[in-house]
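For reference, the chains in residue letters:
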Amino acid sequence: MSSQVESRERVDAGKQVEVSRNSTRAGGAYIPPHRLRQMQQSIKDTSSEEYQRITWEALKKSINGLINKVNTSNIKMIIPELFGENLIRGRGLYCRSMMKAQQASLPFTPVYAAVTAVVNTKLPAVGALLLTRLVLQFRRAFRRNDKTSCLATTMFIAHLTNQLMADKVLALQILALLLERPTDDSVEIAVGFMREVGALLAQVCPKANNAIYERFRAVLHEGEIDKRIQYMIEVLFQVRKDKYKDNEPVIKELDLVEEDDQIVHSISLDDDDLDAEEMLNIFKFDPEYDANEETYNKIKAEILGDDEEDEDDSGSSGDSESGSEEDSDDEDEHKMEILDQTNIDMIELRRKIYLTVMSSVNFEEACHKLMKIDIPEGHEIELCNMIIECCSQERTYLKYYGLMAERFCKMNRLWVENFNTAFNEVYETIHRYETNRLRNIGKLFSHLFSTDSLPWTAFQIVRLTEEDTTSASRIFVKILFQEISEFLGLKTLKERLLDPFMQESLSGMFPKDNPKNTRFAINYWTSIGLGALTEDLREWLRNAPQQSLKRTAIVKFEL
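Residues numbered from 1 in each chain as written. Predicted model: local features only at pLDDT ≥ 70, side-chain atom pairs only at ≥ 80, totals over all residues. Heavy atoms only, no water.

Chemist: Pulling in residues and values, what's your account of the packing of aromatic side chains?
Modeler: Within the structure shown, the criterion is met by 19 aromatic pairs. Relative to W525, the ring of F510 has its centre 5.2 Å away and its plane inclined at 10 degrees; by these criteria the two rings are stacked. With a gap of 15 residues between them, F510 in the loop between α24 (503–506) and α25 (515–527) and W525 in helix α25 connect regions that are remote in the sequence. We note that F510, like W525, is buried. Lying across the ring of Y213, R240 places its NZ or CZ 4.1 Å from the centre. (Phe/Tyr/Trp six-rings, centres within 6.5 Å; stacked < 30°, edge-to-face > 60°. Helix = DSSP H or I, 4+ residues; strand = E, 2+ residues; numbered from the N terminus. Buried < 20%, exposed > 50% of the residue type's maximum accessible area, 1.4 Å probe, protein only. Lys NZ or Arg CZ within 6 Å of the ring centre and 35° of its normal.)

Chemist: Describe empty space enclosed by the protein, naming the residues involved and giving the relevant values.
Modeler: Tallying each qualifying case throughout the model produces one cavity of 30 Å³ or more. Estimates place the volume of the largest cavity at around 30 Å³. If you trace the largest cavity, you find it lined by M99, Q102, Q103, L134, Q137, A152, T153 and F156. Only α5 (91–104), α7 (124–143) and α8 (147–162) provide two or more residues apiece to the lining of the largest cavity. (1 Å grid on protein atoms, 1.4 Å probe; cavity = no way out; pocket = protein on both sides within 12 Å on 5 of 7 lines; lining within 4 Å. Points joined across faces, edges and corners; volume = space filled by probe spheres on them.)

Chemist: Give a description of the nonpolar core that names residues and reports values.
Modeler: Formed by 81 residues in total, the largest nonpolar core has its most connected members in L87, Y94, V115, F216 and I233. Discounting chain neighbours no more than four positions away, the residues touching V115 are V70, I75, I79, L82, Y94 and M98. Counting residues in each nonpolar core, the second largest holds 69 residues, with C390, C391, L438 and I441 among its members. (Core = buried A, V, L, I, M, F, W, Y, C linked by side-chain atoms within 4.5 Å. Contact = heavy atoms within 4.5 Å.)

Chemist: Describe the side chain of N247, and please don't skip the residues or the numbers.
Modeler: Relative to the elements of secondary structure, N247 occurs in the loop between α12 (227–241) and α13 (289–304). Judged by its relative accessible area of 13%, N247 falls in the buried class. Dropping the residues within four chain positions of it, N247 is found in contact with R195, E196, A199 and V239.

Chemist: Explain unusual backbone geometry to me, using residue names and the numbers behind them.
Modeler: Phi at L164 is positive, roughly 60 degrees, even though this residue is not glycine. Within the secondary structure, L164 is located in the loop between α8 and α9 (168–180). Its relative accessible area of 26% is what places L164 among the partly exposed residues. Phi angles above zero are rare outside glycine, and K243 is one such case at about 60 degrees. Tracing the backbone shows K243 in the loop between α12 and α13.

Chemist: Give me the confidence of the model for the chain: which residues, what numbers.
Modeler: Here the chain shows a mean pLDDT of 82. Residues at 70 or above account for 84%. pLDDT under 50 marks residues 5–21. Its contacts with residues more than four places away, or in other chains, come to seven contacts. (pLDDT = per-residue confidence, 0-100.)

Chemist: A description of the side chain of S392 should follow, citing residues and the corresponding values.
Modeler: The residue S392 is located in helix α18 (residues 381–393) in this model. Taking the relative accessible area as the measure of exposure, S392 reaches 2% and is therefore buried. Those residues in contact with S392, other than ones at most four positions away along the chain, are R437, N440 and I441.

Chemist: Please provide a residue-by-residue account of helix α20 (residues 413–428), values included.
Modeler: Its 16 residues place the ends of α20 23 Å apart at the C-alpha level, agreeing with the 22 Å of an ideal helix rising 1.5 Å per residue. Listed in full, the buried residues belonging to α20 are W415, V416, N418, F419, N420, A422, F423, V426 and Y427. Contact partners of the buried residues in α20: α18, α19 (399–411), α21 (435–450) and α22 (471–488). Two to three positions downstream of the cap, the backbone nitrogen of L414 sits 3.0 Å from a side-chain oxygen, assigning the N-cap of α20 to N412. (Expected span 1.5 Å × (residues − 1). Polar contact = N/O pair within 3.5 Å; in protein donor to acceptor, adjacent residues only side chain to side chain.)

Chemist: Explain a negative patch on the surface to me, using residue names and the numbers behind them.
Modeler: Residues D255, E258, E259, D260 and D261 make up a contiguous surface patch of negative charge. Along the chain, E259 falls in the loop between α12 and α13. The class for E259 is exposed, based on a relative accessible area of 62%. (Patch = residues over 30% accessible without salt bridge, like charges linked within 9 Å, V, L, I, M, F, W, Y side chains within 5 Å. Areas by Shrake-Rupley, 256 points an atom, 1.4 Å probe, with all protein chains shown as cover. Salt bridge = Lys/Arg side-chain N within 4 Å of Asp/Glu carboxyl O. Lys, Arg positive; Asp, Glu negative; His and termini not counted. Charge placed at Lys NZ, Arg CZ, Asp CG, Glu CD.)

Chemist: For the environment of L82, give the residues involved together with the corresponding values.
Modeler: Relative to the assigned elements, L82 resides in helix α4 (residues 75–84). Classification of L82 as buried rests on a relative accessible area of 2%. Separated by 12 residues in sequence, L82 and Y94 place their C-alpha atoms 9.5 Å apart.

The following block contains the structure:
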């Protein structure tokens, strides 16, 4: 009998230890992950309080981990994982983790605001709760003169306003409160808040924005605040003058929500019915746990698609089917082709081309070696770009590069198309090149056009008007055509340009659409010593007034 009593006492003691582990805040003691998994597996009853407490702890840990590791580069991967957790049950945990993480790392505030903006489009209750807690925290910190908390809270509210999640009225109320009775701390907080949200306010409510800046100017002229704060206000006015170029409302990487999809919460600073719902931060037994989990699974399927449901269905199939699926998955993984996204292959290809070009004695040897290089299909333009790049790096132009490019163009039509594409890209980005590189590239392409290696229809990209040219593009065209004129002679060049089949492609260089553009082209060609090419343009310009009068008379006659 005594042995039976002792065994019963041991069982009761074990149950008490288990209950104490589950009921205390940290489970009574540290529980290793493997032990926690064993406990989860041992408890099968999903309606029991122990099971719900364990899932609550796992939910809290998961939400904390995801929020702590989110950044600009991985935000698009973290957000689906966040939706994978039950954010309706854990909305209090989400808001608490988000506010703690933001207060600990202020530079990541735009990232946290972007995550919340996306969550808010699908689960507005989460966004409303976070904004309510931020407003209450700001009011509490303002009453206590807690500058650190005020700075963090106002920065978060500013970025939520930039994400169009908080109403602009809240931002204006905060600014009015901070500047009503200006102190050093309140003005400093207002300046920091305005730097973050000023660009948006200038767009959506310019009158109120101007009134705020007038108040800043009045505070500055009163001179009752510290010199450091006065300097901060002066810097703020300079930021406004520069149109907030370093303080964009939302950067491109974090602009994840369409304006029409965002849900704006009209929460004011003076609302009396705000409830922080602090009880959502702690565990509470849910008698309808299974039904609520099922409801969230449906919501999650709508948000993330049906992929996860399909995975669950396949996971619940028979053992034999799951085993065969695993085997097929393993085979697919072995067959999977690994694609290198680091461009190491392209870097190695460019290195080979560069070393070959620079080490060859003459252009014939260089072409012979380059043809032996295995260039992946679709990347042939890399060879053209490397020849142009090597040529541009020389102190003076070397005919070696022109002969090399000519040889490739006359070898295969494919190289003509690639050099033509390279010419278009060079001309579009010509403003990035310094003068010496620009001169070398111009001479290289003049060689190709002079030897008919490239078709002259490529000139259709050039449009000589005051609006369509830059100083760099005008210098490039000048070098290009002076070299072609020197190689072909002015007479031959003029005959080429007057060819009727070329008129459509050259219409941009010799514009006849507007007398202003025509005069600009005539002056340009004359200034570079090729005025003889403009005789046709001059004739058109002399007859332009008469032609316009005739057209006017015809229109009047028809009317």
